[in-house]
Amino acid sequence: MDSAPFAEAASELRHQFTNLLESLSALRSLIDLDPQANDEETLLDQALHTLAEYQDLERSSVFLLQGRELINYSGLSREETAPDNPGFPEGSPSRGTTAYSADSGLMGLAVQTGQLQHCSNCAEDTRFRSWDGDNSVGSLICTPIFHLGQPLGVLNVSHPAPEAFAPWHEHLLQVFSTMLGYMLANHRLVHAMEAHVQERTMELEEALGEAERLKRRFEQLAIIDDLTRIHNRRFLFSAAAAEIAKAQRYRIPLSLMLLDLDHFKTVNDQYGHAAGDRVLKEIAAYFREQTREGDILARMGGEEFVLVLPGTGTEGAQCLGERIRRDIRSFQWQSEDGREFSISVSVGLTVLSPGDLPDLDSHYLLERMLAEADKAVYRCKAAGRDQMDTQDLDNDPG
Ligand SMILES: Nc1nc2c(ncn2[C@@H]2O[C@H](COP(=O)(O)OP(=O)(O)OP(=O)(O)O)[C@@H](O)[C@H]2O)c(=O)[nH]1
């Protein structure tokens, strides 16, 4: 019995079995690619490498659809399948520079019909148009890449010899391009989500920044007097108590001055409320000029201001208070209708000297200093205004 046909059949079977195994290996390697790790071009390059690793393909490339054009994204020739030599085949168009109409040619046909296009003898097939006069293509398969019914591009494999591809090549490429479609869609989805998350994160950061600015603005507004733009009573109570605590701890003097404008009601009554407002603003600005860094200036309310001077004892504070009194007396204002007027101020001073009442709570001490300064102001008013009086804190133990 002639055993040759059996040997031939066995050899063919072995050949087909090897092809099947290699096809499965190519598909398995494709599954192993991480679609999230790379950009689209790298992903396609890696996909073509897995294909070339297991199959006898001379060239392969992927063209992606952009509008009505197919743009080359990845390409590989046999020589380049060495691990450290990825890229386009020599002489073929470089990445991203060649565009084919998606409405014509073999690739166009693949996109339009959604069917694999197999050109087994390119020299004689009228559907085939060579790249820039390249006649080295004998066989070509263009497989459409689709995902959920949407065309994404075309996977091309070619061989210089005609009739190079068998039906199992077509089957493999169809499965391969379907999986490639899933990978591409997955990759785009992940990246679109990442971009979306990044955009939302930036928006959130901007909103947080804005909220922080608004918070600071409101905090600022809460401690600033509307009319004069200097600090208000709320600020005074927290800031001055802290300064008093510091003065007690480091045993340094601290002066507190209450400045109460005299007969301010008369200013409003005689020259108008607008003139009164202007006086308050300008006097606040003048007080600000007189303060040093670290001093606290606040409008207590109405026509009453407070100056807290850390590190300043009785002599320095009296000197400043007297200068302020004289200056204010000398200022001339004008009403809306051109009448000139001046005002005066009564200054009540109290001084915390080093070692004074060290055990008292700073908030309580502040209240006490304000009350003492108020007594001093009261005495000024009673004595005819436009003067300064000092109330010694020790003279009136709480
Ligand atoms: N224009 C203006 N007037 C204010 C403001 N706040 C308080 N006043 C006025 O300041 C005046 C304070 O009057 P009084 O408390 O009687 O004190 P005074 O007239 O200065 O008299 P003495 O303090 O006793 O010298 C009132 O007429 C208030 O209406 C303000 O923001 N703008």
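All values reported here derive from a predicted model rather than from experimental measurement.

### Concerning the overall build of the chain
Here is step 1: Each helix and strand in the chain was counted, giving 9 helices and 14 strands.
Here is step 2: For the chain, buried positions account for 43% of its 398 residues.

### Some points on the side chain of Lys381
Here is step 1: With respect to the helices, strands and loops of the structure, Lys381 is situated in helix 9 (residues 362-382).
Here is step 2: The buried category is assigned to Lys381, whose relative accessible area is 18%.
Here is step 3: Only 2.8 Å separates the side chain of Lys381 from the side chain of Asp260, close enough to count as a polar contact.
Here is step 4: Among all residues touching Lys381, those that are not within four sequence positions of it are Asp260, Leu261, Asp262 and Ser346.

### Here's the deal with helix 6 (residues 264-271)
Helical geometry: 3.6 residues make up each α-helical turn, so side chains three or four residues apart lie on a common side.
Here is step 1: All of the buried residues in helix 6 are Phe264, Val267 and Tyr271. The arc enclosing the buried residues of helix 6, seen along the axis, measures out at 60 degrees, which places them on a common side. Exposed residues pointing more than 90 degrees away from the buried face of helix 6 are listed as Lys265 and Asp269.
Here is step 2: Where helix 6 is buried, its residues meet strand 8 (254-261), helix 7 (273-290) and strand 12 (340-341).
Here is step 3: Positive phi appears at Gly272, one or two residues downstream of helix 6, with a value of about 100 degrees.

### Quick word on the site of the ligand
Here is step 1: Around the ligand, a shell composed of 17 residues is seen, among which His263, Phe264, Lys265, Asp277 and Arg299 lie nearest.
Here is step 2: The contact in question runs from a nitrogen atom of the ligand to an N or O atom on the side chain of Asn268, over 2.8 Å.
Here is step 3: At 3.3 Å, a backbone N or O of His273 approaches a nitrogen atom of the ligand.
Here is step 4: Residue assignment for the shell around the ligand shows that the elements contributing at least two residues are strand 8, helix 6 and helix 7.
Here is step 5: The element best represented in the shell around the ligand is helix 7, accounting for 4 residues.
Here is step 6: A class-by-class count of the residues in the shell around the ligand yields 4 nonpolar, 5 polar and 8 charged.

### Topic: the UniProt feature "coiled-coil region" (unreviewed entry) in the chain
Here is step 1: The residues that UniProt annotates with the feature "coiled-coil region" (unreviewed entry) are residues 197-224.
Here is step 2: Along residues 197-224 one finds 93% helix and 0% strand; the C-alpha atoms at either end are 40 Å apart.

### Details of the sheet that holds strand 8
Here is step 1: Read from one edge of the open sheet, 6 strands run 7-9-10-8-13-14, paired in mixed fashion. Two strands in the sheet have a free side with no partner beyond their single neighbour: strand 7 (231-232) and strand 14 (388-392).
Here is step 2: Bridge analysis of strand 9 (residues 296-301) against strand 10 (residues 304-310) gives 5 bridges, and the strand direction is antiparallel. Bridged to Ala298 within strand 10 is Val306.
Here is step 3: Packed onto the sheet, helix 5 (residues 233-250) meets strand 7, strand 8, strand 9, strand 10 and strand 13 (345-352) and runs at close to 135 degrees relative to strand 9.
Here is step 4: Contacts from helix 9 reach strand 8, strand 9, strand 10, strand 13 and strand 14, with the element oriented near 145 degrees to strand 13.

### Structural notes on the packing of aromatic side chains
Here is step 1: Per the stated rule, a full pass over the model turns up 6 aromatic pairs.
Here is step 2: Aromatic pair Tyr286 and Phe331: ring centres 5.1 Å apart, planes at 80 degrees, arrangement edge-to-face. With Tyr286 in helix 7 and Phe331 in the loop between helix 8 (314-330) and strand 11 (333-334), this residue pair connects regions lying 45 residues apart in the sequence.
Here is step 3: We classify Tyr286 as buried; its relative accessible area is 7%.

### Concerning unusual backbone geometry
Here is step 1: For Glu163, which is not glycine, the phi torsion reads 55 degrees and is therefore positive.
Here is step 2: Locating Glu163 in the fold gives a position in the loop between strand 6 (150-159) and helix 4 (167-222).
Here is step 3: Unlike most non-glycine residues, His263 shows phi in positive territory, near 45 degrees.
Here is step 4: Checked against the element boundaries, His263 lands in the loop between strand 8 and helix 6.
Here is step 5: Residue class for His263 comes out partly exposed when judged on its relative accessible area of 48%.

### Concerning the pattern of salt bridges
Here is step 1: For the structure shown, the criterion picks out 20 salt bridges.
Here is step 2: Asp225 serves as the salt-bridge partner of Arg299, at 3.1 Å between the closest nitrogen and oxygen. Residue Arg299 is located in strand 9, and its partner Asp225 is located in the loop between helix 4 and strand 7; the two are separated by 74 residues in the primary sequence. A single burial state applies to Arg299 and to Asp225, both of which are buried.
Here is step 3: Between Lys375 and Glu372 there is a salt bridge whose closest N-O contact spans 3.5 Å. Placement of both Lys375 and Glu372 in helix 9 is noted, with a separation of 3 residues, approximately one turn of the helix.
Here is step 4: Exposure remark for Lys375: the relative accessible area of 37% places this residue in the partly exposed category.
Here is step 5: Among the residues examined, Glu372 registers a relative accessible area of 3% and is labelled buried.
Here is step 6: Salt bridges here are not isolated pairs; linked through shared partners, they connect Glu322, Arg325, Arg329 and Asp386.

What counts and what doesn't
Residues numbered from 1 in each chain as written. Predicted model: local features only at pLDDT ≥ 70, side-chain atom pairs only at ≥ 80, totals over all residues. Heavy atoms only, no water. Helix = DSSP H or I, 4+ residues; strand = E, 2+ residues; numbered from the N terminus. Buried < 20%, exposed > 50% of the residue type's maximum accessible area, 1.4 Å probe, protein only. Polar contact = N/O pair within 3.5 Å; in protein donor to acceptor, adjacent residues only side chain to side chain. Contact = heavy atoms within 4.5 Å. Arc of directions from axis to C-beta. Near = heavy atom within 4 Å. Nonpolar A, V, L, I, M, F, W, Y, C, P; charged D, E, K, R; others polar. UniProt positions renumbered as here; feature names shortened; annotations may be inferred. Pairing = 2+ DSSP bridges. Axes fitted to C-alpha atoms, helices over the stretch in contact; angles between N-to-C directions. Phe/Tyr/Trp six-rings, centres within 6.5 Å; stacked < 30°, edge-to-face > 60°. Salt bridge = Lys/Arg side-chain N within 4 Å of Asp/Glu carboxyl O.

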